[in-house]
Amino acid sequence: MKRLLLIANKNWEVVPIMNALINQRFSPNKFVFMPNIYRSPWIYAQGTGLPRMIWNTFSNIQIELWCIQDLMDIADISDSELFSSSELKVSALKKAINFNSVKPDMVIALGTAAYGDATLNNNGCVVVGCDVFIHNFHPHEENPKSRWDDPTDFEKILKSSIGDNFFNVLDATAVNFINAGLLKPFLNPADNIQAIFNRN
């Protein structure tokens, strides 16, 4: 079995994502694959390690939708700053990755993932890449609520096992299809809403 993880950041982001995934109006052929598990409203305790949605009706593929905020072990939920703690988010992500014994084959970040281009606004674009660069934006500032730092993996390119063949398939078959389905966001949309494929 292969695992595909869809990961949203905040709980107020994952709810509209859930609505869109099962809305026929957003489906090119008006057909919706309903999930086998659908957890809404979220009635579980803070830190519960469960996905919001699971599809396992596809051949040898399980798709899971997760919300990082659901997974974070926070005793004082009135402290809103803790829900932005990178340190706690990294720990929470392990619950999704280790949900079962099968290692994820692909992870897709939804909502507030970052694309490393300081000169352009890419809000509303879809960015597909493989390598990762983790940067500590405040290396000399102590934040007791987020002490995430790793000198072995920060400030360098972390290579992926995804090869050029993956991008060749996307380039040949998917660009026009994806671009035709993109919706312009309400807040500060990019001038050119498009799919961006980055091999590096």
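Our subject in this report is the structure included herewith. Since the structure is predicted, the reported quantities are computational estimates derived from the model, not experimental observations.

## With respect to the overall build of the protein chain
Alright, step 1. Counting its regular elements, the protein chain contains five helices and nine strands.
Alright, step 2. Each helix and strand of the protein chain, ordered N terminal to C terminal, gives the series β-α-β-β-β-α-α-β-β-β-β-α-α-β.
Alright, step 3. Relative to the globule expectation of 16 Å for 200 residues, the C-alpha radius of gyration of the protein chain, 18 Å, shows essentially globular dimensions.
Alright, step 4. Each of the three principal axes of the protein chain carries a C-alpha extent, and together these read 50 × 40 × 35 Å.
Alright, step 5. In the protein chain, buried positions account for 30% of the 200 residues.
Alright, step 6. Partitioning the intrachain contacts of the protein chain with sequence separation of at least 6 by distance along the chain shows that 64% fall at a separation of at least 24.
Alright, step 7. Summed over its atoms, the accessible surface of the protein chain is roughly 13200 Å², and 56% of this surface lies on carbon and sulfur atoms.
Alright, step 8. Side chains of the protein chain give 17 positive and 20 negative charges; the mean places of these two sets differ by 8 Å.

The rules behind the values
- Residues numbered from 1 in each chain as written.
- Predicted model: local features only at pLDDT ≥ 70, side-chain atom pairs only at ≥ 80, totals over all residues.
- Heavy atoms only, no water.
- Helix = DSSP H or I, 4+ residues; strand = E, 2+ residues; numbered from the N terminus.
- Rg over C-alpha atoms; globule rule 2.2 N^0.38 Å.
- Buried < 20%, exposed > 50% of the residue type's maximum accessible area, 1.4 Å probe, protein only.
- Contact = heavy atoms within 4.5 Å.
- Areas by Shrake-Rupley, 256 points an atom, 1.4 Å probe, with all protein chains shown as cover.
- Lys, Arg positive; Asp, Glu negative; His and termini not counted.
- Charge placed at Lys NZ, Arg CZ, Asp CG, Glu CD.

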